[in-house]
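# Close look at the chain arrangement
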Amino acid sequence: TTTRLASSSISIESLNLTPELAMMTDAFASIPDEKTRHKQLLYMASKLPDVDDSVRVPENKVPGCLSTVHVDCTVEENDDGRKVVQYFGDSDGLLTKGLLALLIRGLSGCTPEEINAIDPQFVKAAKISQTLTPGRNNGFLNMLAVMKKKAFEAVERENGGDVAVAVSGEEQSTENETAEVVTSFEEIEGKPMYNAIMFTLITVLKPTSITLVDNSSQHAGHAGSKGWAESGESHFALEVVAEAFEGLSLVKRHQLIYMLLGETMPKIHALEIKAKSPSEV
Amino acid sequence: TTTRLASSSISIESLNLTPELAMMTDAFASIPDEKTRHKQLLYMASKLPDVDDSVRVPENKVPGCLSTVHVDCTVEENDDGRKVVQYFGDSDGLLTKGLLALLIRGLSGCTPEEINAIDPQFVKAAKISQTLTPGRNNGFLNMLAVMKKKAFEAVERENGGDVAVAVSGEEQSTENETAEVVTSFEEIEGKPMYNAIMFTLITVLKPTSITLVDNSSQHAGHAGSKGWAESGESHFALEVVAEAFEGLSLVKRHQLIYMLLGETMPKIHALEIKAKSPSEV
Amino acid sequence: SVLSHFPILTDTKFDADGQLTTTDTSSNTVDTNPVKRLIYLDSAATSQKPIQVTKAIDDYYHKYNSNVHRGAHSLSREATSLYESARDKVSTFINANNRNEVIFTSGATEAINLVASSLSCPIGFCQANNWMCLKEGDEIIITESEHHSNIVPWQLAAQKSGAVLKYVPVSHDGKFDLDTFGELLSPNTKLVSVQHVSNVMGCINPISSIVELVREKSPAMIFLDACQSVPHTVVDVQSLGVDFIAASGHKMCGPTGIGFLWGKEALLNRMAPYMGGGEMIDQVYMDHSTYALSPARFEAGTPPIAQAVGLGAAIDYLDGIGMERIHKYELELGQYLHRRLEEVKGVTVMGPPVGTDRAALCAFVCEGVHPSDLSTFLDGEGVAIRAGHHCCQPLHRALGYSHSARASLYFYNTKEDVDEFVRALEETLKFFRSLDGGVDLDDEQEDDGFVPLF
Amino acid sequence: SVLSHFPILTDTKFDADGQLTTTDTSSNTVDTNPVKRLIYLDSAATSQKPIQVTKAIDDYYHKYNSNVHRGAHSLSREATSLYESARDKVSTFINANNRNEVIFTSGATEAINLVASSLSCPIGFCQANNWMCLKEGDEIIITESEHHSNIVPWQLAAQKSGAVLKYVPVSHDGKFDLDTFGELLSPNTKLVSVQHVSNVMGCINPISSIVELVREKSPAMIFLDACQSVPHTVVDVQSLGVDFIAASGHKMCGPTGIGFLWGKEALLNRMAPYMGGGEMIDQVYMDHSTYALSPARFEAGTPPIAQAVGLGAAIDYLDGIGMERIHKYELELGQYLHRRLEEVKGVTVMGPPVGTDRAALCAFVCEGVHPSDLSTFLDGEGVAIRAGHHCCQPLHRALGYSHSARASLYFYNTKEDVDEFVRALEETLKFFRSLDGGVDLDDEQEDDGFVPLF
């Protein structure tokens, strides 16, 4: 059976996410602990481009946040002539700024309708809701609400205000990933560990090529060869090419994979890794 | 040691009760069960004189009662020239009417100052607070409050309204019992049962004469002679003369004494009773 | 423990269909010192609480206790999550359009006062052109049968705003007087507030007809006092078609100190704030403040967190039994109570005649015996009923009684409770009648050992 | 259970004098799976609850649950007795003149709103010649440091009544500005409302000087927000000489959903009612109603019975330890917290300088680290502090901060808790500073195994 990643993960698909947001949601969900999720957010905050002071005006302020958040957007026309928005913003709280960066990255380049369709529940799937105050006064929800509203307003302004904004309920085709990325793999029956590793790495790393070989049989009888109790999977060799490795040292690439594999990792006896960026192939 | 009844019962004395109210409080406290207290109240209700419909006006209504209560008073001059009040009233609830009857009897014939001094806590001592809703909205407390107020108003009106009412804190001498009533007895050391019986009967019945003889020694060796474990009191002979027996059959007089002795009664092996009203002596 | 008298309240599951009619689970064990079952017939005043509810409260205090919403630590997040999920439970229970329509209050009384007070903000204070605000010339219509908590707030609102308060008169048969109501309605009617079920007459008001009339003849908002319906039957705010409802937690197996207001979101967000304080604000400046949207708008200060959690547990409990099932069971129980009472000589039951659907409660008067005397003596027999005006003085006045006695039941009561109550009632009435007709207590014929002291 | 982290909360007696400083009763037992002690430093938001309090609530629901006051059955009498004895406990705890001066509310926020709302009844509604009512030309004086719940109600009252709201400015050193206050006072001042202890600056306001000034220069009534003092020290309303105080139960070991208003009886009975409903009325007619006296006057509807009982148990618990002892212990703990925090590089503590008596709480800002980031990371270390404006936006604005972090302690905290908090704080600050100055997370020098995903 071929596992189509986007469709196998039902909970995420029903959330009407943009491809970028879906990717980040999967990625965050794969991070094994809260502290690392926080660090990822802080990293994203540090990479968020600075904004001009003119952005920090009351009209751009998000209400109900523990820290001060400003966000705004501009309109661009994309290749197929659709009006899409580009967000920018800032916050004095770093975690909040990281959340804002996540939304900016996940929502930019999309149409107001695509953005409006997004179900805020994705923060649960991404396991970052644990960081957030639930219920009302949820700054993150308010951020998303403000950004949805701003998208419509900006496009309307761009159209000279003479085009009524209609939020249609029609299904959007958001399948615009690059052709080279691996999005599916052949599941092997009786090899749950293999399937789990492949699923996680393909979901998060979006590799252009990935091969995972189960060498466990070569090590039969070897101490610890009974890796995963039932299936006897213990020794793997991985070859993966992904954009994510660009500019990272060899050690960092291995750490990244170890982190992603999270709970699976301690159960593996040996994992031989060859990780390259597309430019190195 | 001589037990002065009024002073030995500290909790009651501190309540500044009128003699009549003190007597009734003691009496109610001596009733062993709630149902009998209720019956006593119903009896008092049945004996309360009817009032004219003119009494049933809003000015005489007591607020906050579960049933409708009206009360008013007139002023009289008593033998020593003091202005005292006489109450009358009615209620549609019988228990409430009984409580009202108790207050009417307990407060009538006294001065506003004497009435004002009464501590409402006596309902606890009388064990009738169990029948009442505690705290606020206590109809009984409201009755007392209205009656206190009415006493002052009535005397003031009687005085032509030109005499300011001063509620003085001075001690009142309320010792106006008839001389013939027995108010004290000689306690006998080592005879707790004797002391208890005498105390109760003197307090409640206000006898004009009372004699209690402990015949236990005559019955030494007799089965059950160890009546009250330590003191060996078991057989008594009582002679008592009291107004309370007036008009009661012999059986009722005995029942009355049995009821009053309450918890003590089962511990006595034998009690020989001679109970008379003063007119029969 | 009171709970031991109601086995259903300590059960944790309700699979057997006969659950609601089984009572003698406790009598299977031979008790050497058997305790007489308490006949608690005062559930319209407050219900008993299942063990799940007190357990939820304990759990909250012991495991998650923390202040909500603004906390950045995990305890606070957990507390907030529990508090807000209680809101979700209420929202689902009454089929609200969304969770923002549910406002936790200290009780139903506060819920009604909140709306009455908010709508009667003095001119100049309310938002310009806010149609909702009560003004001179506006009319409020309630009924003479309402509970004081659905009368006094509107009296205060009328006094403050200059609006006029009008009453639909009581029908002695407990039938809602739709004709007079229709005549009272006009384009000036700004608000209608009626009870869903009467706490005295037990009658179930025809809400759909009321709503239809209002919508046809006036632009009025409709407030429904649902205190006596939410605990006992399925209440679906969307299908009822009203604008606001109020209910209290303690009458539906929940804790004291909590209730809720439901209102249409658009209306709530147009209303002036009620209490000022933390959480209800957006920004506080020295000369003015801006306010949050519903529900925060109306939940100033630290909310009743543990109480909301307890109410959520109560809803789970009630859902576990099923509201439809409770309603059906209570309709039958109510009929039984009514029939048995009508058979007692000298007893007059208020409200609709036997055979009409009614809540499982009966207020009644007994010829020659005052309700307060009655309840005191029944209490001595282990039967707890209520006596008084039941916070309905105008209703009692209209019916010509100053007070009444009331027996009110819930799903944990049984026909056996009704039988025991009627037995004790008959005995008590007999005793009181023996006092009548000049038969004195010291008459030897009626001797029961009682001797008057004075 | 959170309780297990605070042995004192499950102790049933406090005989040993060292009770308040002993912490390691639990560490005597060798635990094979030791749980790290939760460092709960958010008691100014809400306190943890002793086992006696939850037990009292359970007992109430299981043994005495019933509605109060109007019931003529024994359960109702017992419930009423418990509820009213809780009022007696509060009355004694704050040395009220009598029990009628204590009104149970849903919390301190409601207590303040009750008075503000009642005093701002529109002209024509209030009793003729009621001096207490706010009118045009009257002035209300509060301070810029107040909690929103002591600002917004007065803003609403001023808007409704036409009175003018004036503020005593914040002093950065937390010292109450008596000079400016004296200048603001005039014969037009109708009401002064100040906090006893600041929930942000921790400063203890000089109430006796404030009262003296008010009485000398104005006829104003004095309202004291005692939320942060009643739980921590002896508050004697008679010796304070104020006219009203408000406090909340959940900050003093009691349940959520309850607080109280204390006011002088003569003032309370002159005030217009707040909420309309059951219990607060004397007679309800169709055109008007007459009202009961305090406390019933202000307690419409079924009151928070179980919560009052819980608050009573909390007061018994606090009295068992002794408020003098708690105060003394917390003064020392507060100084220790302040000193330790001041030693941390880049930390600025708000309020009075080290050495001045203060409540055992410190709000603070850290150079370059946002309070919300700080509290989130400290939470990961098991330290619960609060971040935000603590419902004091005007105060924060005056001090030039948008938010602050706050650590607030209670008698169950220890110096060891402070040490652990300061250790975690220093570590967190170090981590955040490592992010600064262009040092990227993917820099090999600061390697902790983290690799950004994107």
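Use the structure listed above.
Keep in mind it's a predicted model, so treat the numbers as computed, not measured. (Residues numbered from 1 in each chain as written. Chains lettered and ligands numbered in written order. Predicted model: local features only at pLDDT ≥ 70, side-chain atom pairs only at ≥ 80, totals over all residues. Heavy atoms only, no water.)

## Focus on the overall build of chain C
Rules: A run of H or I in DSSP becomes a helix once it reaches four residues, and a run of E becomes a strand once it reaches two; helices and strands are each numbered from the N terminus. Whether a residue is buried, partly exposed or exposed follows from its accessible area with a 1.4 Å probe, protein chains only, as a fraction of its type maximum: under 20%, in between, or over 50%, in that order. Residue contacts follow a heavy-atom distance rule, with two residues in contact if any of their heavy atoms lie within 4.5 Å. To measure how exposed things are, a 1.4 Å probe is used in the Shrake-Rupley method; for residues, cover is taken only from the protein chains shown.
For chain C, the helix and strand inventory stands at 13 helices and 15 strands. Across the 454 residues in chain C, those meeting the buried criterion constitute 67%. The contacts of chain C with a sequence gap of at least 6 include a subset with a gap of at least 24, amounting to 71%. Accessible surface for chain C amounts to roughly 15,000 Å². Of this, 50% is attributable to carbon and sulfur atoms.

## As for the overall build of chain A
In terms of helices and strands, chain A carries 10 helices and 7 strands. By residue count, 49% of the 281 residues in chain A fall in the buried class. Split by element, the accessible area of chain A, about 13,200 Å² in all, is 50% carbon and sulfur.

## Notes on the sheet that holds strand E15 (residues 404-408) of chain D
Residues and elements named next belong to chain D. The line we're drawing: If DSSP finds at least two bridges between two strands, the strands pair. Here an angle of 0 to 180 degrees is reported between the N-to-C directions of two axes, which are lines fitted to C-alpha atoms, with helices fitted over the stretch in contact.
With respect to topology, 4 strands assemble into an open sheet ordered E11-E12-E15-E14, the strand pairing being antiparallel. The open sheet has two edge strands, strand E11 (347-349) and strand E14 (386-388), and neither has a second partner. Adjacent strand axes in the sheet meet at a mean angle of 30°, parallel and antiparallel pairs treated alike. By the bridge criterion, 3 bridges tie E14 to E15 in an arrangement that is antiparallel. Bridge pairing in E15 links Arg386 to Arg406.

## A closer look at the interface of chain D and chain C
Put simply, the rule is: We define buried area as the total accessible area lost by two parts upon association, computed with a 1.4 Å probe and summed across both. A side-chain nitrogen of Lys or Arg and a carboxyl oxygen of Asp or Glu constitute a salt bridge if their distance falls within 4 Å. Each polar contact in these results corresponds to two N or O atoms within 3.5 Å; when the atoms are within protein, one needs to be able to donate a hydrogen and the other to accept it, and residues that are neighboring in sequence are counted only if both atoms are side-chain atoms. Note that Gly is not counted as nonpolar here; it falls among the polar residues with everything else outside the nonpolar set of Ala, Val, Leu, Ile, Met, Phe, Trp, Tyr, Cys and Pro and the charged set of Asp, Glu, Lys and Arg.
With 90 residues of chain D at the contact, the number on the chain C side is 90 residues. Taking both sides of the interface into account, the surface hidden between chain D and chain C amounts to around 7,000 Å²; carbon and sulfur atoms contribute 57%. The three residues of chain D that bury the most area against chain C are Tyr61(D), His62(D) and Met286(D), which together make up 10% of that side's buried surface. Taken together, chain D and chain C are joined by 2 salt bridges. Viewed at the interface, chain C and chain D are joined by 41 residue pairs in polar contact (both at pLDDT 80 or more). Of the residues forming the side of chain D that touches chain C, the biggest block, 8 residues, is contributed by helix H1 (residues 51-64) of chain D. Counted by class, the side of chain D that touches chain C contains 39 nonpolar, 37 polar and 14 charged residues.

## A closer look at the relation of the copies chain D and chain C
One copy of the chain maps onto the other through a rotation about an axis plus a displacement along that axis. Let me state the cut-off plainly: Superposition of the copies used a least-squares fit over C-alpha atoms from residues whose pLDDT is at least 70 in both.
Mapping chain D onto chain C leaves a residual RMSD of 0.1 Å; the transformation is a rotation of 180° accompanied by 0.0 Å of translation along its axis. In short, the pair behaves as if placed about a two-fold rotation axis. Of all interface residues in chain D, 100% are interface residues in chain C too; the two copies therefore contact each other through one and the same surface.

## A few points about the environment of Ala86(D)
All names here are of chain D. Mapped onto the fold, Ala86 is located in helix H2 (residues 74-93). Look at Ala86 and you get buried, because its relative accessible area is 3%. Those residues in contact with Ala86 that lie beyond four places of it in its chain are Phe104, Ala308, Val309 and Gly312.

## Section: the packing of aromatic side chains
For the record, the criterion: Ring pairs are drawn from Phe, Tyr and Trp, using the six-membered ring of Trp, whenever the two centres fall within 6.5 Å, and their geometry is named by plane angle: stacked under 30 degrees, edge-to-face over 60, tilted for the rest. Sitting over a ring, as applied to charges here, requires NZ of Lys or CZ of Arg to be within 6 Å of the ring centre and within 35 degrees of the ring normal.
Per the stated rule, a full pass over the model turns up 33 aromatic pairs over all chains. Among the aromatic residues, those joined into a ring-pair cluster are Phe6(C), Tyr317(C), Tyr410(C), Phe411(C) and Tyr412(C). In this arrangement the basic side chain of Lys190(D) is found over the ring face of Trp131(D), its NZ or CZ atom lying 4.9 Å from the centre.

## Notes on helix H9 (residues 305-321) of chain D
The condition that has to hold: In this scheme, a helix's expected span is set at 1.5 Å multiplied by one less than its residue total.
In this model H9(D) runs 25 Å from its N-terminal to its C-terminal C-alpha over 17 residues, within 8% of the 24 Å that 1.5 Å per residue would give. Downstream of H9(D) by a residue or two, Gly322(D) has a phi angle that is positive, lying close to 105°.

## Focus: unusual backbone geometry
The omega torsion of the bond from Ser294(C) to Pro295(C) falls at 5°, within 30 degrees of zero and hence cis. The topology assignment puts Pro295(C) in the loop between strand E10 (289-291) and helix H9 (305-321). Positive phi, close to 55°, is recorded for Asn16(A), a residue that is not glycine. Turning to its location among the elements, Asn16(A) is positioned in the loop between helix H2 (10-13) and helix H3 (19-30). The backbone of His390(D) shows a phi angle near 50°, a positive value even though the residue is not glycine. Inspection of the secondary structure puts His390(D) in the loop between E14 and helix H12 (393-399).

## Structural notes on the sheet that holds strand E8 (residues 259-263) of chain C
All names here are of chain C. Taken in spatial order, the 7 strands line up as E2-E8-E7-E6-E5-E3-E4 in an open sheet, and their pairing is mixed. Since the sheet does not close on itself, it has two edges, and those belong to strand E2 (102-105) and strand E4 (164-168), each with one partner. Strand-to-strand, the axes of this sheet are offset by a mean angle of 20°, without reference to chain direction. Strand direction decides the pairing type here: strand E3 (residues 139-143) and E4, joined by 5 bridges, are parallel.

## Describing the packing of helix H11 (residues 371-380) of chain C against helix H13 (residues 415-435) of chain C
Residue and element names in this part refer to chain C. Put simply, the test is: Throughout this description, any angle smaller than 35 degrees is read as roughly parallel, any larger than 145 degrees as roughly antiparallel, any in the 65 to 115 degree range as roughly perpendicular, and the remainder as oblique. Helix crossings are classified by the rotation of the near helix relative to the far one: an anticlockwise turn of less than a right angle makes the crossing left-handed, while a clockwise turn makes it right-handed.
Close contact between H11 and H13 brings their axes to 10 Å; oriented N to C, the two are set at 120°. When the axis of H11 is compared with that of H13, the two are oblique. The two elements H11 and H13 meet at a crossing, and its hand is right-handed. Between H11 and H13, the contacting residues are Asp373, Leu374, Phe377 and Leu378 on the first element and Phe421, Ala424, Leu425, Thr428, Leu429, Phe431 and Phe432 on the second. Class assignment of the residues belonging to the contact of H11 with H13 gives a composition of 9 nonpolar, 1 polar and 1 charged.

That is the geometry; function is a separate question.
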